[in-house]
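One letter stands for each residue in the lines below.
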Amino acid sequence: MSGGDNVNKLVNLFDGEGMACDEFGCAVPGQASEEASASDGAGDGQAAEAASGSRKASKRQILPGATIGVLGGGQLGRMLAHAGSRLGYRFVTLDPTPDSPSGQTAAQIVAAYDDREAARELAQRSDVITYEFENVDAGVAEMLERESYVPQGSKLLYTTQHRLREKRAVEAAGAQVAPYAEIESLDGLREAAARLGLPAVLKTATGGYDGKGQWVLRSEDELAPAWEEAERSGTQLVLEKFIVFDKEISVIAARSPSGEVKTFPPTENIHVHNILHLSIVPARISEQVRSEAEKLAVSIAETLGVVGLIAVEMFLTADGELYVNELAPRPHNSGHYTIEACRTSQFEQHVRAICDLPLGDPSLLTPVVMANILGEHMKPLLTWMGEKDAVAEKLGVEVKVHLYGKAEAKHKRKMGHLNVLAPNVEAALEWIAQSNIWRV
């Protein structure tokens, strides 16, 4: 199935209300849609009944001067506050780490993510609530949805926190994912590996990021050791067929409660040790693939009733097929380039979306490559910042630094990023190649 075929299959099932997914599949809250039943066979009574208690959040416009509450205090919340404060919004964040990156730019409630009383305090101090990463407690988000205004809702958060639910939701939307199997035993792993073929990737269904909770399996001898280690995670497991891809790309779409949708230009993403290293824009892909990827992101955003941002990560194969790898219902690392390189950044767009303001123009102003700064890169970065950069002048690039205010520069920990603005992506990549920052 081609990416274009996938797009044609997507339909707007939920009218902004979102999809509820559990072990039985996915269903429209409060109704057993014929389209949902046709797309994934999940319209059975159990799934529909489980979703029937959900209610649609009221739509309201939140104007500047209001306070935005943020579940999570990391760098995404920090940059969200930077962008939103310029529009005139105030921010308060909930995070267990004192002086968190967000807490340095907003008021902070220091408490665990599952602390319901702290969450209620956040609600009392906020006019609208959002979240900056998926691992926020979904039960707390559901409570806040009932008791305050959370335009993103809790259903999509619940879905994207679990790989199996997420895959079923993407399939229910008619999009293509890598063939996969739920794994419950070593024998089940062996059977699935034989059926899907090796290499394959064993993943935890919950948690895991930047390559954590993943085991690439290339031979039968690796199955038992991987199972033994993965089983200790205490969560469900999923085996995915390894997709031989030509490029990894992502598209970030924004959708408001009023139904306006806009996409940012696709990024070409390069990972090192399973951590995003570079995001290249414009992505080095054909116009046909670019168009299909953007249409796919729009269709997923509309089908799943997204409010705010959703990042759709995809594999592009050599023959032009697109496979959806993961969804992230929030600002995304691959969208950091938008801060200087687009007319509207992903962070301003997220604020506009959740507050139901007209969405901004996401068009690209300049070629750019975003490069992540990890803990081991901090020392050479700070040395570079104190020196004149003749290479940048020669190549005609402008380097913008974003540091996140984290207390300790740990190895492989994201500490910041650089946006390398350039006349073309080749010049930006050449500056990165010649820089000493990543030679550690």
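Throughout this document, residue positions are counted from 1 along each chain, in the order its sequence is written. The model is predicted, so local features are restricted to residues of pLDDT at least 70 and side-chain atom pairs to those at 80 or more, both for listing and for counting; the totals for chains, interfaces and linings are taken over all residues. Based on all heavy atoms of the structure, the side-chain values leave hydrogens and waters out of the count.

- As recorded in an unreviewed UniProt entry, the protein goes by the name N5-carboxyaminoimidazole ribonucleotide synthase, listed as coming from Cohnella cellulosilytica.
- UniProt positions are given in the numbering used here, feature names are shortened, and annotations may be inferred rather than shown by experiment. UniProt lists a comment for the protein under the heading Catalytic activity (unreviewed entry), and it reads "5-amino-1-(5-phospho-beta-D-ribosyl)imidazole + hydrogencarbonate + ATP = 5-carboxyamino-1-(5-phospho-D-ribosyl)imidazole + ADP + phosphate + 2 H(+)".
- Recorded under Sequence similarities (unreviewed entry), the UniProt text for the protein is reproduced unchanged: "Belongs to the PurK/PurT family."

### Concerning the side chain of Thr-204
Line of reasoning, step 1. You can see Thr-204 is positioned in strand 8 (residues 200-204).
Line of reasoning, step 2. Once you skip the residues sitting within four places of it in the chain, Thr-204 turns out to touch Arg-163, Gly-213, Trp-215, Ser-233, Thr-235, Gln-236 and Leu-237. Strands here are runs of E lasting at least two residues and helices are runs of H or I lasting at least four, both read from the DSSP assignment and numbered beginning at the N terminus. Contact between two residues is taken to exist if any of their heavy atoms lie within 4.5 Å; hydrogens are not considered.

### Regarding helix 9 (residues 186-196)
Line of reasoning, step 1. Note on exposure labels: buried denotes an accessible area under 20% of the residue type's maximum, exposed denotes more than 50%, and partly exposed covers the range between, all computed with a 1.4 Å probe on protein chains only. Inspection of helix 9 places Leu-189, Ala-192, Ala-193 and Leu-196 among the buried residues, and these make up the whole buried set. Seen end-on, helix 9 carries its buried residues on one side only, within an arc spanning 100°. Opposite the buried face of helix 9, by more than 90 degrees, sit the exposed residues Asp-187 and Ala-194.
Line of reasoning, step 2. Packing partners of the buried residues in helix 9 comprise strand 7 (180-183), strand 8, strand 9 (214-217), helix 10 (223-231) and strand 10 (237-241).
Line of reasoning, step 3. Directly beyond the C-terminal end of helix 9, a positive phi value near 95° is found at Gly-197. The arc refers to the directions leading from the helix axis to the C-beta atoms.

### Thoughts on the packing of aromatic side chains
Line of reasoning, step 1. Only rings of Phe, Tyr and Trp enter the pairing, Trp through its six-membered ring, and a pair is recorded when the two centres are within 6.5 Å. The plane angle decides the type: under 30 degrees is stacked, over 60 is edge-to-face, the rest tilted. Overall, the coordinates contain four aromatic pairs when judged by the stated rule.
Line of reasoning, step 2. A ring pair is formed by Phe-245 and Phe-315, whose centres lie 4.7 Å apart and whose planes are at 5°; its orientation type is stacked. Here Phe-245 is found in the loop between strand 10 and strand 11 (247-255), whereas its partner Phe-315 is found in strand 15 (residues 308-316), with 70 residues between them in sequence.
Line of reasoning, step 3. Members of the aromatic cluster, joined through ring pairs, are Trp-384, Trp-431 and Trp-438.
Line of reasoning, step 4. When the ring centre of Tyr-158 is taken as reference, the NZ or CZ atom of Arg-165 above it lies at 3.6 Å.
Line of reasoning, step 5. Any Lys NZ or Arg CZ found within 6 Å of a ring centre and within 35 degrees of that ring's normal is scored as a charge over the ring. Note that Lys-167 overlies the ring of Tyr-180, its terminal NZ or CZ placed 5.5 Å from the centroid.

### What to know about the environment of Glu-222
Line of reasoning, step 1. Summarising the element assignment, Glu-222 is placed in the loop between strand 9 and helix 10.
Line of reasoning, step 2. Look at Glu-222 and you get partly exposed, because its relative accessible area is 31%.
Line of reasoning, step 3. Beyond its immediate stretch of four places on either side in the chain, Glu-222 contacts Val-216 and Leu-217.
Line of reasoning, step 4. Think of a polar contact as two N or O atoms within 3.5 Å of one another; within protein, one of them needs to be a possible hydrogen donor and the other a possible acceptor, and neighboring residues in sequence only count if both atoms come from side chains. Here the side chain of Glu-222 touches Arg-218 through a polar contact of 2.6 Å, landing on its backbone nitrogen.

### Here's the deal with the side chain of Arg-78
Line of reasoning, step 1. Within the secondary structure, Arg-78 sits in helix 4 (residues 75-86).
Line of reasoning, step 2. Charge assignment in this entry is limited to Lys and Arg as positive and Asp and Glu as negative, and neither His nor the chain termini are counted. When a carboxyl oxygen of Asp or Glu lies within 4 Å of a side-chain nitrogen of Lys or Arg, that pair is called a salt bridge. The buried charged residue Arg-78 lacks any salt bridge, with Asp-99 as its nearest oppositely charged partner at 7.4 Å.
Line of reasoning, step 3. For Arg-78, the side chain forms a polar contact with the main-chain oxygen of Pro-101, separated by 3.2 Å.
Line of reasoning, step 4. Residues contacting Arg-78, with those up to four places away along its chain left out, are Pro-101, Ser-102, Gln-104, Thr-105, Leu-403, Tyr-404 and Gly-405.

### Considering the sheet that holds strand 5 (residues 107-110)
Line of reasoning, step 1. Pairing between two strands is assigned when DSSP locates at least 2 bridges connecting them. Spatially, the four strands line up as an open sheet ordered 5-4-3-6, and their pairing is parallel. Two strands lie at the open edges of the sheet, namely strand 5 and strand 6 (128-131), each paired on one side alone. Averaged over all neighbouring strand pairs, the angle between strand axes comes to 25°, with direction disregarded.
Line of reasoning, step 2. Bridge count for strand 3 (residues 67-71) against strand 4 (residues 90-95) is five bridges, and the pairing is parallel. Paired with Thr-67 across the two strands is Arg-90, which belongs to strand 4.
Line of reasoning, step 3. Axis definition: a line fit to C-alpha positions, over the contact stretch in the case of helices; interaxial angles, taken between N-to-C directions, run 0 to 180 degrees. Packed onto the sheet, helix 4 meets strand 3, strand 4 and strand 6 and runs at close to 170° relative to strand 4.
Line of reasoning, step 4. Against the sheet, helix 13 (residues 346-354) engages strand 3, strand 4 and strand 6, with an angle of about 135° to strand 6.

### Examining the nonpolar core
Line of reasoning, step 1. Joining through side-chain atoms within 4.5 Å is the link that ties buried Ala, Val, Leu, Ile, Met, Phe, Trp, Tyr and Cys residues into a set, and such a set is a nonpolar core. Membership of the largest hydrophobic core comes to 27 residues, with the highest contact counts inside it found for Ile-300, Ile-310, Met-314, Val-324 and Leu-327.
Line of reasoning, step 2. At the level of secondary structure, the elements contributing two or more residues to this core comprise helix 8 (163-172), strand 11, helix 11 (287-303), strand 15 and strand 16 (322-328).
Line of reasoning, step 3. The greatest single-element share of this core, amounting to six residues, is contributed by helix 11.
Line of reasoning, step 4. The next biggest cluster of nonpolar side chains, apart from the first, holds 22 residues, and it includes Val-369, Val-397, Ala-428 and Ile-432.

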